[in-house]
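This is what each chain is made of:
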Amino acid sequence: MFLFFYNSLLYILSPFILLIMLYRVLIGKEDKFRYFEKFGFSNTKRKVKRKVVWFHACSVGEVKSIFNLTKEFSKEKYSILITTNTLLSSAFVKKNFSSKVIHQFLPLDFKFSTMRFLKHWKPDIGIFIESEIWPNLIKNCISRNIPLVLLQASFSKNSLRKWSYFKFYFKDIMSSFKLIIAQSEREKKKLFEFADIKVDSIYNLKNSSKTLSVDQKEILRIKKNLKNYFFITALSTHLGEEKILLNTFKSLVKKIKKVVLVIQPRHPNRAESIKNLINENGFYTRCRSKKEYPNKETLVYLADTFGESGTMISLANMVILGGTLTPVGGHNIIEPAQLAKCIIVGKYCSKIQNTLNLFKKYKAVKQIKKTRELSRLIYNLYLNKIEIENTGSNAYSVTKRFPNKEKSIINQIISIVKNENSKILVQK
């Protein structure tokens, strides 16, 4: 019944969906050379003699988390197919993954486009990351006997609230997964309480993610005219957070003479509006995308580029984690921790709460409950360089405490592929 109404709604909305797609192509939000992939087409041929392990990760954060898994599967002689939804994530795959990894945009969840995609790639297993539940795609996988795995399962309260109207179907579709590994104990409990969904195991792939690359030459260029300056990097900021940071910075520059705030927005396409906000607050800025470097007049440096998080983290004396000053829930705290940075987070940490609790236990993070506390905390840390160093050192130590379960996960997935293949052979 759910699928009938779902597909009926898609059919009714299809002219509008196509118009939106065309508009997105025209304004550069879709790849004009590859938009047809969103209808299930592909110019890349499937290697007949190799089994295909297909990962679907919505955006950059999820793609980063599967890097080690794809590397291990490549060693096992599997072909790796990664589907994503966004331009940024496709660029990240191209830049950071092996040239042998195939990237394609996930088709829109129409029956015809998902079936065309599956007929072309014939994946031996589908591995979905976090909360990517697409009814037609999953139904067509089941009809083609493609086993499914859900890794790092994590559903927001808002997402589950929407599914509560179709709880029976949600439980049914979740039972399609041969293996479910939740991101945390909290997520496991949430799924069980919501619809009695049993989770096989718990593991956060981000805990063992690849350390971000750092361009030391660029750090030297950035700091060339700013010797002995104190750098604060605000990492992966969202709408509303820049305003909080700039208000905080206004009071800081009165106390600290040599200080620079580096703002790296989560979405670089917001750069122009952020630059206007910086100017409105009376700060002189330079933009990374224009290949500008800060000078002594530069109080705020806008790092509006993609793929330079490691460099922006590394040059900083401390890092403020974006997504925690407004109700986003926080981003990957492991990345700055792997580079031994003193990390400050706000009160909105629902997405990283379990990891944050561990960081708190080992005094490896600083948290504020109210935004007005941010200025005082930064200034106190500035006066206590040893505290900054110790907090960063503790953060790095925490990253070494996480167990590496990736090999175990790979073995479980390979076992599923072998079992499903043997069942098909018996049926024939």
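Refer to the structure printed above.
First, a word on what this report is: a plain description of the structure on this page. Not measured: the values here are computed from a predicted model. (Residues numbered from 1 in each chain as written. Predicted model: local features only at pLDDT ≥ 70, side-chain atom pairs only at ≥ 80, totals over all residues. Heavy atoms only, no water.)

1. Brief notes about the pairing of strand β2 (residues 79-84)
Counting buried positions over the six residues of β2 gives six, a clear majority of the element. By the alternation rule, side chains of β2 split into Ser-79, Leu-81 and Thr-83 and Ile-80, Ile-82 and Thr-84, which are all buried. The pairing of strand β1 (residues 52-56) with β2 spans five bridges and is parallel. By the bridge assignment, Val-53 is partnered in β2 with Ile-80. As paired strands, β2 and strand β3 (residues 102-105) are joined by four bridges and run parallel to one another. Across the sheet, residue Thr-83 finds its bridge partner in β3, namely Gln-104. (Buried < 20%, exposed > 50% of the residue type's maximum accessible area, 1.4 Å probe, protein only. Helix = DSSP H or I, 4+ residues; strand = E, 2+ residues; numbered from the N terminus. Pairing = 2+ DSSP bridges.)

2. Some remarks on the layout of surface pockets
Approximately 520 Å³ is the volume attributed to the second largest pocket. Looking at the second largest pocket, it is lined by 19 residues, and the ones nearest its centre are Ile-17, Met-21, Leu-108, Asp-109 and Trp-134. If you tally residues by element for the lining of the second largest pocket, the top one is helix α1 (residues 2-26), at nine residues. In the lining of the second largest pocket, the residues fall into 14 nonpolar, one polar and four charged. (1 Å grid on protein atoms, 1.4 Å probe; cavity = no way out; pocket = protein on both sides within 12 Å on 5 of 7 lines; lining within 4 Å. Points joined across faces, edges and corners; volume = space filled by probe spheres on them. Nonpolar A, V, L, I, M, F, W, Y, C, P; charged D, E, K, R; others polar.)

3. Some words on the packing of aromatic side chains
In the structure shown here, the tally under the stated rule is 22 aromatic pairs. Relative to Tyr-6, the ring of Phe-2 lies with its centre 5.8 Å away and its plane at 15°, an arrangement referred to as stacked. With Phe-2 and Tyr-6 both in helix α1 and four residues apart, the pair spans about one turn of that helix. As far as burial versus exposure is concerned, Phe-2 and Tyr-6 are alike and both buried. Here the aromatic cluster, defined as three or more aromatic residues joined through ring pairs, consists of Phe-2, Tyr-6, Phe-155, Trp-163, Phe-166, Tyr-169, Phe-170 and Phe-194. Looking at Lys-167, its charged tip hangs above the ring of Phe-194, at a distance of 4.9 Å from the centre. Looking at Arg-401, its charged tip hangs above the ring of Tyr-362, at a distance of 4.0 Å from the centre. (Phe/Tyr/Trp six-rings, centres within 6.5 Å; stacked < 30°, edge-to-face > 60°. Lys NZ or Arg CZ within 6 Å of the ring centre and 35° of its normal.)

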